[in-house]
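So the chains spell out like this:
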Amino acid sequence: MAIAAPSGRLQIAGERQSGQDVRTQNVTAVSAIANIVKTSLGPVGLDKMLVDDIGDVTVTNDGATILKLLEVQHPAAKILVELADLQDQEVGDGTTSVVILAAELLKRANDLVRAKIHPTSIIAGYRL
């Protein structure tokens, strides 16, 4: 909820969180999304049965379809779903691989931050 402060600046009601706890929550949410689609990867990937709110059933092993049908609430996990959607739009394939790779990169980056390596150094290493 937005409220106008006496100074004329817009204030947004809520809490701002930062630090290792938030990074861990982000990694956990992204890993959960990756784990959902991980078993559908490859030629022997398993099918997923998804049931929506009105009872329609979808059976698929396509990562893009699985992610589109999920109702994701966590902001970091939503970014991963958007990443998969962009991959599907641009290339038309590889959505599951992109999700798994991005989740693993985030997980490893979190481990490096815990080892006191600065995030800027990690980003620079990923760009190589």
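All of these numbers come straight from a predicted model, not from anything done at the bench.

S.K.: Which residues make up the overall build of the chain, and what values go with them?
M.R.: Within the chain one finds 5 helices and 4 strands. Shown N-terminal to C-terminal, the secondary structure of the chain runs as helices and strands in the order β-β-α-β-β-α-α-α-α. Across its three principal axes, the chain shows a C-alpha extent of roughly 55 × 40 × 25 Å. For the chain, buried positions account for 25% of its 128 residues. A total accessible area of about 9200 Å² is found for the chain, and carbon and sulfur atoms account for 56% of it.

S.K.: Quick rundown of unusual backbone geometry? Include the residues and the values.
M.R.: You will see that Lys116, though not glycine, has its phi angle at about 70°, which is positive. Topologically, Lys116 is positioned in the loop between helix H4 (95–114) and helix H5 (119–127).

S.K.: Can you tell me about the nonpolar core, naming the residues and giving the values?
M.R.: Of all hydrophobic cores here, the largest spans 16 residues; its most connected members are Ile33, Leu67 and Val99. The contacts of Leu67, once residues within four sequence positions are left out, are Ile33, Val37, Val81, Ala84 and Val99.

S.K.: Can you tell me about the packing of helix H1 (residues 20–38) against H4, naming the residues and giving the values?
M.R.: As a packed pair, H1 and H4 sit with axes 9 Å apart at the nearest point and diverge in direction by 155°. One element, H1, and the other, H4, form an angle in the roughly antiparallel class. Note on packing geometry: the crossing formed by H1 with H4 is left-handed. When H1 is examined against H4, the residues Gln20, Arg23, Thr24, Asn26, Val27, Val30, Ile33, Ala34, Val37 and Lys38 are found in contact with a partner set consisting of Thr96, Val99, Ile100, Ala103, Leu106, Lys107, Asn110, Val113 and Arg114. For the contact of H1 with H4, a count of residues per class yields 10 nonpolar, 5 polar and 4 charged.

Parameters at a glance
- The numbers attached to residues start from 1 for each chain and follow its sequence in the written order.
- Whole-chain, interface and lining totals are the exception, using all residues; otherwise, since this is a predicted model, local features are given only for residues with pLDDT of at least 70 and side-chain atom pairs are given and counted only at 80 or more.
- The basis for the side-chain values is all heavy atoms of the structure; hydrogens and waters are excluded.
- Strands here are runs of E lasting at least two residues and helices are runs of H or I lasting at least four, both read from the DSSP assignment and numbered beginning at the N terminus.
- Using a 1.4 Å probe on the protein chains alone, a residue whose accessible area is under 20% of its type maximum counts as buried, one over 50% counts as exposed, and one in between counts as partly exposed.
- All accessible-area figures derive from a Shrake-Rupley calculation using a 1.4 Å probe, and residue coverage is judged against the displayed protein chains alone.
- Here, the term nonpolar core denotes a set of buried Ala, Val, Leu, Ile, Met, Phe, Trp, Tyr and Cys residues that are joined through side-chain atoms within 4.5 Å.
- Note on contacts: a residue pair is in contact if any heavy atoms of the two residues lie within 4.5 Å.
- For every element, the axis is a line fit to its C-alpha atoms; helices are fit only across the contacting stretch, and the angle between N-to-C directions ranges from 0 to 180 degrees.
- For classification purposes, angles smaller than 35 degrees are called roughly parallel, those larger than 145 roughly antiparallel, those between 65 and 115 roughly perpendicular, and all remaining angles oblique.
- By definition, turning the near helix anticlockwise from the far helix through less than a right angle yields a left-handed crossing, and turning it clockwise yields a right-handed one.
- Only Asp, Glu, Lys and Arg are considered charged in this grouping, and only Ala, Val, Leu, Ile, Met, Phe, Trp, Tyr, Cys and Pro are considered nonpolar; every other residue, Gly among them, is considered polar.

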